[in-house]
Amino acid sequence: MVNTAKPHLLVVEDETKVALFIKKGLETQSLTVTVAADGREGKRLIGSERFDLVILDVNLPFVSGLELAEYIRAKNAQLPILMLTALDSTTDKLMGFEAGADDYLAKPFDFLELVARVRALLRRSAPPEESQPILRLADLELDRQQKVARRAGRTIDLTAREFALLDYLLRNQGRVVSRVDIAEQVWDVGFDTGTNVIDVYVNYLRNKIDKGEPVKLIHTVVGFGYVLKEK
């Protein structure tokens, strides 16, 4: 049976005009939207209702967006989080991603870009195709249905962003992928490829996948990008 239910989004935004603009706009896109006016209300809703995606401001009353992202990640490692904030430096973005955000859009923003990013996050969080429920390379395994990664039998704790990055690398194993490829396929539209966020996340993944292992699987191809392969 096809699931015809509308995706349910939570928008945590303390600027009333911005929150209503987002809510009304997204509802025209066949999405159901609940708004929380501060971090404390957002935390309560996350604990009591089911959502398919959360849009967070960073500077929120009572509970900050970063704290709320960490709370969401502790409860649900796979729930997509989009940070929507005026703080747009590389450091701000890294803090957002480390707290658990999957994407980061700076204010002021173009509404069509917001819609595109929301759609991309919803697609990526959808159940994987049945034809390839498990991806493997050597002793590395990624279960796309259970959202679990293992290497040599040990379970690897990945954030949603790290999981998406590993999924992309596994689907392209043996092929060198550029930072632009990764930005478009894992970070979605409008990602600033001038930052070093991708390199930072590849290093996060490398530390979890390869550290302490005799055979390294994630390799840097200087001047081109990265490749997942056995040497």
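Structure first, text after, so check above.
Residues numbered from 1 in each chain as written. Predicted model: local features only at pLDDT ≥ 70, side-chain atom pairs only at ≥ 80, totals over all residues. Heavy atoms only, no water.

As for the packing of helix H4 (residues 90-99) against helix H8 (residues 197-209)
Going by this rule: With axes taken as lines fitted to C-alpha atoms, and helix axes fitted only over the stretch in contact, angles between N-to-C directions fall between 0 and 180 degrees. By the criteria applied, helices consist of DSSP H or I runs no shorter than four residues and strands consist of E runs no shorter than two, each listed in order from the N terminus. Crossings are sorted by hand: turned counterclockwise from the far helix by less than a right angle, the near helix makes the crossing left-handed, and turned clockwise it makes it right-handed. Working rule for contacts: check all heavy atoms of both residues, and any pair within 4.5 Å makes them a contact. The residue classification treats Ala, Val, Leu, Ile, Met, Phe, Trp, Tyr, Cys and Pro as nonpolar and Asp, Glu, Lys and Arg as charged. All others, Gly included, are polar.
Closest axis-to-axis distance for the H4/H8 pair is 11 Å, and the angle between their directions is 35 degrees. Considering only the axes of H4 and H8, their crossing is right-handed. Listed contacts from H8 to Thr90, Leu94, Phe97 and Glu98 of H4 are Val197, Val200, Tyr201 and Tyr204. Here the residues of the contact of H4 with H8 are counted per class, giving six nonpolar, one polar and one charged.

A word on the environment of Arg50
Where we set the bar: Whenever two N or O atoms come within 3.5 Å, that pair is a polar contact, provided that in protein one can donate a hydrogen and the other can accept it, and provided that, for residues adjacent in sequence, both atoms are side-chain atoms.
Tracing the backbone shows Arg50 in the loop between helix H2 (39-48) and strand S3 (53-56). For Arg50 and His8, which are 42 residues apart along the polypeptide, the C-alpha to C-alpha distance reads 7.7 Å. Reaching out from Arg50, the side chain makes a polar contact with the side chain of Asp52 at a distance of 2.8 Å.

Considerations on unusual backbone geometry
Residues apart from glycine generally show negative phi values, whereas peptide bonds are mostly found in trans. Put simply, the test is: For every residue, the accessible area obtained with a 1.4 Å probe (protein chains only) is divided by the maximum for its type, and the residue is called buried under 20%, exposed over 50%, and partly exposed between those limits.
For the bond running from Lys107 to Pro108, omega is -5 degrees, close enough to zero to count as cis. The residue Pro108 is located in the loop between strand S5 (103-106) and helix H5 (111-125) in this model. Phi is positive for Ser30, which is not a glycine, with a value near 65 degrees. Assignment of secondary structure puts Ser30 in the loop between helix H1 (16-27) and strand S2 (32-36). Classification of Ser30 as partly exposed rests on a relative accessible area of 45%. Even without being a glycine, Phe62 presents a positive backbone phi close to 75 degrees. Examined against the element boundaries, Phe62 turns out to sit in the loop between S3 and helix H3 (65-75).

Some words on the pairing of strand S7 (residues 140-143)
For a regular strand, side chains alternate in direction, first toward one face of the sheet and then toward the other. Selection criterion: Two strands pair if DSSP finds at least two bridges between them.
In the sheet, strand S6 (residues 134-137) pairs with S7 via four bridges, with the strands oriented antiparallel. Paired with Leu135 across the bridge in S7 is Leu142. Taking the residues between adjacent antiparallel strands as the criterion, S7 and strand S8 (residues 148-151) are bridged by four residues, where Lys147 takes a positive phi near 60 degrees.

Details of the packing of aromatic side chains
Our working rule: Between rings of Phe, Tyr and Trp, where Trp is taken as its six-membered ring, a pair exists when centres lie within 6.5 Å; planes separated by under 30 degrees are stacked, by over 60 edge-to-face, and by other angles tilted. Throughout this description, the term charge over a ring refers to an Arg CZ or Lys NZ atom that lies within 6 Å of the ring centre and within 35 degrees of the ring normal.
Taken as a whole, this structure holds five aromatic pairs when the rule is applied. Ring geometry for Phe21 and Phe109: centres 6.4 Å apart, planes at 45 degrees, overall tilted. With a gap of 88 residues between them, Phe21 in helix H1 and Phe109 in the loop between S5 and H5 connect regions that are remote in the sequence. Relative to Phe111, the ring of Phe21 lies with its centre 5.6 Å away and its plane at 70 degrees, an arrangement referred to as edge-to-face. Highlighted residues: Phe21 in helix H1 and Phe111 in helix H5, separated in sequence by 90 residues. Ring pairs connect the aromatic residues Phe97, Tyr104, Tyr201 and Tyr204, which therefore count as one cluster. The ring of Phe62 carries Arg40 above its face, with NZ or CZ at 3.7 Å from the centroid.

Here's the deal with the sheet that holds strand S9 (residues 154-156)
Within the open sheet, the four strands sit side by side as S6-S7-S8-S9. Their pairing is antiparallel. For this open sheet the edge positions go to S6 and S9, each flanked by a neighbour on one side alone. With strand direction ignored, the average angle separating the axes of adjacent strands in the sheet is 25 degrees. Strands in contact with helix H6 (residues 160-171) are S6, S7 and S8; relative to S7, the strand with the most contacts, it is inclined by about 115 degrees. The sheet strands contacting H8 are S7, S8 and S9, and the helix crosses S9 at an angle near 165 degrees.

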